[in-house]
Amino acid sequence: MRGLGPEGAMAPGLSVREMREDEKPLVLEMLKAGVKDTENRVALHALTRPPALLLLAAASSGLRFVLASFALALLLPVFLAVAAVKLGLRSRWGSLPPPGGLGGPWVAVRGSGDVCGVLALEPGTNAGDGARVTRLSVSRWHRRRGVGRRLLAFAEARARAWAGGMGEPRARLVVPVAVAAWGVSGMLEGCGYQADGGWGCMGYLLVREFSKDL
C-alpha cells in the first residue's frame, strides 16, 4: 500500500477527520494514483519469479500453434498476466470501502483545507485480530512531509480505542504493504511493526502484512 514513505517528524498544522461526501471524488483519484504508482513494480516482481516465467513460456509455446504471429504468442500471455495483477490491486486498493466499525474513511487535511491523505480501517475477522488498514494513501504532492506518519499514528489511536470499547483481548494494528514498496516496509519496521505473513500467487508474496501490538 502506498503513502507511508520514509518521512520525518509529523507535519505541523495537519489534522485528521472523517471524509466529507463532497471530497469523495478527490479521495478516489488519490487512491487510484497511489495504486498506479505501485502496480507496475508489483507486476514486474510477480512476473519475474521462476514459476511465473515457466508458465508464461508454456503459454507462449501453446499459443504459437494457434496464432500466426510469434511476437503475438510471446506478448499476449505477458499482457494478460500484467492486466490481471493490475486489476487485482485496483480492486483492493483503488476504491473506497464502506464505513466500518472503526468509522471513516478518514482524510488528512492541512491547515489551508487541502486534503492530502486518506485512511480506512476495518476490524479483524476474528476476536484478537485487532484492526486492519484497508486503504492508506498520500497525495504525491504531499509525500515525505509527515502525512503518512500522522495517518499511521491516528490509525493506532483508533485501533486502541476500538479494542478497549469492544473488550478485545489486545489492541493490534495490521498494515498491508506491496512487496515493491521497500521504503514503506523500512518505515514500518522502524515504528515497531513486524512482518507477519501476507498474500500472493504461486507461493510468492505480493503483499506483506506488518502488525504491531499497541
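Anything mentioned here points back to the structure above.
Model, not experiment: these values are computed from the prediction.

Trainee: Please explain the overall build of the protein as it appears in this structure.
Mentor: Along the backbone of the protein there are five helices and seven strands. Across the protein, helices and strands are ordered from the amino to the carboxyl terminus as β-α-α-α-β-β-β-α-β-α-β-β. Classification of the 214 residues of the protein by burial places 44% in the buried group. For the protein, the exposed area adds up to about 10,700 Å²; of that, 59% sits on carbon and sulfur atoms.

Trainee: Looking at this structure, how should I read helix 4 (residues 147–166)?
Mentor: Each full turn of the α-helix corresponds to 3.6 residues, which orients residues three or four apart in the same direction. Here helix 4 contains 20 residues, and its C-alpha end-to-end distance of 28 Å stays within 8% of the 28 Å for a straight helix at 1.5 Å per residue. Looking only at helix 4, the buried set comprises Val-147, Gly-148, Leu-151, Leu-152, Phe-154, Ala-155, Glu-156, Ala-159, Trp-162 and Ala-163. Once helix 4 finishes, Gly-167 follows within two positions and takes phi at roughly 70°, a positive value.

Trainee: How do you make sense of the pattern of salt bridges when you look at a structure like this?
Mentor: Oppositely charged side chains are able to pair whenever their charged atoms sit close together. In this structure the tally under the stated criterion is six salt bridges. Ionic pairing is found between Glu-23 and Arg-17, a salt bridge with its closest N-O pair at 2.5 Å. When the shortest N-O distance is used, the salt bridge between Arg-132 and Glu-209 registers 2.7 Å. Of this pair, Arg-132 sits in strand 4 (residues 131–138) while Glu-209 sits in strand 7 (residues 204–213), and the two are 77 residues apart along the sequence. On the basis of relative accessible area, Arg-132 is assigned to the partly exposed category, the value being 23%. Through salt bridges with shared partners, one network takes in Arg-17, Arg-20, Asp-22 and Glu-23.

Trainee: What am I meant to see in the state of the cysteines here?
Mentor: All chains considered together, the criterion is met by zero disulfides. Take Cys-116: it sits in no disulfide, and the sulfur closest to it among the cysteines is that of Cys-191, at 18 Å.

Trainee: Teacher, can you tell me more about the side chain of His-142 here?
Mentor: With respect to the helices and strands, the residue His-142 is situated in the loop between strand 4 and helix 4. With near-sequence residues (within four places) excluded, His-142 lies in contact with Arg-110, Cys-116 and Val-147.

Trainee: Before we go on, may I ask you to explain the pairing of strand 5 (residues 172–178) in this structure?
Mentor: One face of the sheet, then the other: side chains in a regular strand alternate in exactly this way. By the criterion of burial, strand 5 is predominantly enclosed, with seven of the seven residues buried. Across two bridges, strand 4 lies against strand 5 in parallel orientation. Bridge pairing links Arg-132 to Val-174 in strand 5. Taking the sense of rotation as the criterion, the β-α-β connection linking strand 4, helix 4 and strand 5 turns out right-handed.

Trainee: It is not clear to me how the environment of Ala-46 should be interpreted in this structure. Could you clarify?
Mentor: Its location among the elements puts Ala-46 in helix 1 (residues 24–47). Take Ala-46: its relative accessible area is 12%, and that puts it in the buried class. Distance in space between the C-alpha atoms of Ala-46 and Gly-190 is 26 Å, their sequence separation being 144 residues. In contact with Ala-46, not counting residues within four places along its chain, are Ala-52 and Leu-206.

Trainee: When you look at the pairing of strand 3 (residues 115–123) in this model, what are you seeing that I'm missing?
Mentor: Counting buried positions along strand 3 yields seven of nine residues, so the element is predominantly enclosed. Pairing of strand 2 (residues 106–110) with strand 3 involves four bridges; the strand directions are antiparallel. By the bridge assignment for strand 3, Val-109 is matched with Val-115. The turn joining strand 2 and strand 3, which pair antiparallel and follow one another in sequence, is formed by four residues; a positive phi near 100° is taken by Gly-113.

Conventions and cut-offs
Residues numbered from 1 in each chain as written. Predicted model: local features only at pLDDT ≥ 70, side-chain atom pairs only at ≥ 80, totals over all residues. Heavy atoms only, no water. Helix = DSSP H or I, 4+ residues; strand = E, 2+ residues; numbered from the N terminus. Buried < 20%, exposed > 50% of the residue type's maximum accessible area, 1.4 Å probe, protein only. Areas by Shrake-Rupley, 256 points an atom, 1.4 Å probe, with all protein chains shown as cover. Expected span 1.5 Å × (residues − 1). Salt bridge = Lys/Arg side-chain N within 4 Å of Asp/Glu carboxyl O. Disulfide = S-S within 2.5 Å. Contact = heavy atoms within 4.5 Å. Pairing = 2+ DSSP bridges. Right-handed = clockwise from strand over helix to strand, strands pointing away.

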